[in-house]
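Examining the three-dimensional arrangement
Listed below, chain by chain, are the residues.
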Amino acid sequence: MILVSEEDQAVTYWYEGICPYSGELLRLPRTLQVEAIAQNMMQELKRSYPENAEGKMYGVLLAKSPTGERLVLKAFSGLLNGQSDLEGWVPPIAGREKVAIEESITLSKLATIKQELIELSEIPERLQYKSLSQEYEAQFQALSDRHQVSKQARHATRLQLLASLTGKELEIALKNLDRESQQEKMARRDFKRDRDQVLLPLKEIITLADSKMLILKQQRRELSRTLQAQLHNAYVLTNFAGETRSLRELITEGAMPTGIGDCCAPKLLHYAATHNFIPLAMAEFWWGNPSPDGYKIQGEFYGACVERCQPLMGFLLSGRKNSPAIPLTKVASQPLSIIYEDDCLIAIAKPPELLSIPGRYLDTQDSVLSRLRQSFGADVPIYPVHRLDRQTSGILLFARDLESLRCLSEQFQKREIHKIYEALLSSKIEREQGIIDLPLWGNPENRPYQQVDLPRGKPSVTEFRLLGQVGNYSRIEFIPLTGRTHQLRVHSADPQGLGIPILGDRLYGCQTATTRLHLHARDLTFRHPRSQEYVHLQIPVPF
């Protein structure tokens, strides 16, 4: 028997998901005890694998067998040393072997396409065209500069001739100046002709290569999509109620991210469910070289990845014995509060933990838009004008016709709509006010996580003002001048911004235990799409 102290049982993170059947929030903890087990595994990895090992996620699951014995399962994401099934590790989820031949054929085709794309992108004509274009551009600019000087000199000469000559003599002199101008025009025309005779054949070759590349990319996209569909239909997950679903059945619409089903958490939970183990705690960490975006570093613990693991959690945890389930009926049963309504618009006071629009997954269909369509009827047009994060509460605007949608969307694009948010930061801040100007970039491999990235990021600007201190927290007013995904959350958490996460924002580093993200869309001001008069909406802050 393993004796566990209260300190070891302290929870540092919750793996959680909404049960697609009961609507309850199901949770599995990461505790200090399982973190200690994971740290021992890190030491094993350090001894077993080279210093510059490929970086990847690893996971451990502390579980109890049907006989009451405690055991530790371990898994890695994707492949380890080129293999998916290694002794001592949880095996991959069954299914891939069913499409192994198709996968091998497709991967071979994809490799061939990749090589063809590389060859087409590196044809010598591209470099020749770039080099010659630069040379011709410099030569033409020098020629134009000389002609500009000549033009100015002719203008001055023309003024002198008009002041000093008359009659036939003036006519002849002016014709000579015009002849010089015509000769320069001819010189520029001849230059362009000679340039085009050299560059156009190269351009035609490049254009043909680009057309071939476009076709190859379309073929690659279609092959990848077909292979992913085969894999997702073949991958079958089992939960603790003994139910099985393919990945495709768990995804309601849209494309699934590459690698879904190969992560540690689904592997561990699926294996535990199929062997009647009771999961007690789980931890995932990164080991090896940092991730390409630099976000994941060796030895750090991370939660369920938002794109690949989180959408499966609700199903995988369903039926788990002694699972601390948190009913979500208080959110689901609350009627939507309409704060403004006319023939053009509907404004809703969105509660936290409710999506603005339906998601792609089985447990993300409940949303403000879904409920509005249920209330008004599926045939009544309702269009979302903007969105709020699932965890964010506040004013959410919908249009009731396409013309109103166009007008309001245009106001958002032109930044003519004034928004004010209120938030509690997870610790105190002394700065009274200021502007945060940090470009944001969303890593496609780690959606929806956003990060400050100077070369790749899009301009993102936020004004802030300290409203006061609430215990150990700071109450802040945010005015976003741009509308990037998670802009306020990143500008608050990033060290180059305020350096303090919003209270309850686990995605961006808040470790304080709380029931919600303390971010609220408080004020919204816009021009009415029909009357063009300004409308100002405001709702109280619920925290």
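See the structure shown above.
Predicted, not measured: the structure shown is a model, and the values here were computed from it. (Residues numbered from 1 in each chain as written. Predicted model: local features only at pLDDT ≥ 70, side-chain atom pairs only at ≥ 80, totals over all residues. Heavy atoms only, no water.)

**Let's talk about the pattern of salt bridges**
Here is the rule: Salt bridge criterion: a side-chain nitrogen from Lys or Arg within 4 Å of a carboxyl oxygen from Asp or Glu. Note on exposure labels: buried denotes an accessible area under 20% of the residue type's maximum, exposed denotes more than 50%, and partly exposed covers the range between, all computed with a 1.4 Å probe on protein chains only.
The final tally for this structure, using the stated rule, is 27 salt bridges. Put simply, Lys414 and Glu410 hold a salt bridge, and the shortest N to O gap is 3.8 Å. Residue Lys414 is classed as exposed on the basis of its relative accessible area, which comes to 52%. You can call Glu410 partly exposed: its relative accessible area is 33%. A salt bridge links Asp523 to Arg522; its shortest N-O distance comes to 2.5 Å. Neither residue differs from the other here; Asp523 and Arg522 are each classed as buried. When salt bridges with common partners are traced through the structure, they connect Glu422, Arg465, Arg475, Glu477, Arg522 and Asp523 into a single cluster.

**A look at the environment of Tyr449**
Keep this limit in mind: Runs of H or I in DSSP of at least four residues are treated as helices and runs of E of at least two as strands, each being numbered from the N terminus.
The topology assignment puts Tyr449 in the loop between strand E16 (440–442) and strand E17 (450–452). The sequence separation of Tyr449 and Val490 amounts to 41 residues, and the corresponding C-alpha distance is 9.1 Å.

**Regarding the packing of helix H2 (residues 100–121) against helix H4 (residues 167–234)**
Counted only if it meets this: For helices, the fitted line uses only the C-alpha atoms of the stretch in contact; every axis is such a line through C-alpha atoms, and the angle between N-to-C directions lies from 0 to 180 degrees. Oblique is the label for any angle not covered by the other classes, which are roughly parallel (under 35 degrees), roughly antiparallel (over 145) and roughly perpendicular (65 to 115). The hand of a helix crossing depends on one turn: near helix anticlockwise from the far one by less than a right angle means left-handed, and clockwise means right-handed. Any pair of residues with heavy atoms lying within 4.5 Å of one another is described as a contacting pair. Only Asp, Glu, Lys and Arg are considered charged in this grouping, and only Ala, Val, Leu, Ile, Met, Phe, Trp, Tyr, Cys and Pro are considered nonpolar; every other residue, Gly among them, is considered polar.
Direction vectors running N to C along H2 and H4 enclose 160°, while the axes themselves pass 10 Å from each other. Overall, the two elements H2 and H4 adopt an arrangement that is roughly antiparallel. In this structure, the crossing between H2 and H4 has a hand that is left-handed. For the pair formed by H2 and H4, the contact residues are Glu102, Glu103, Thr106, Leu107, Lys109, Leu110, Ile113, Glu116, Leu117, Leu120 and Ser121 on the first element and Ala209, Lys212, Met213, Leu216, Lys217, Gln219, Arg220, Leu223, Ser224, Leu227 and Gln230 on the second. Residue classes in the contact of H2 with H4 are distributed as 10 nonpolar, 5 polar and 7 charged.

**Digging into unusual backbone geometry**
Its identity as a non-glycine residue notwithstanding, Arg415 has a phi of 60°, on the positive side. By the secondary structure assignment, Arg415 is in the loop between helix H10 (402–413) and strand E14 (418–425). A relative accessible area of 52% places Arg415 in the exposed class. Within the chain, His486 stands out as a residue other than glycine whose phi angle is a positive 60°. Summarising the element assignment, His486 is placed in the loop between strand E19 (473–480) and helix H11 (487–493).

Geometric descriptors of this kind do not, in isolation, establish any biological role.
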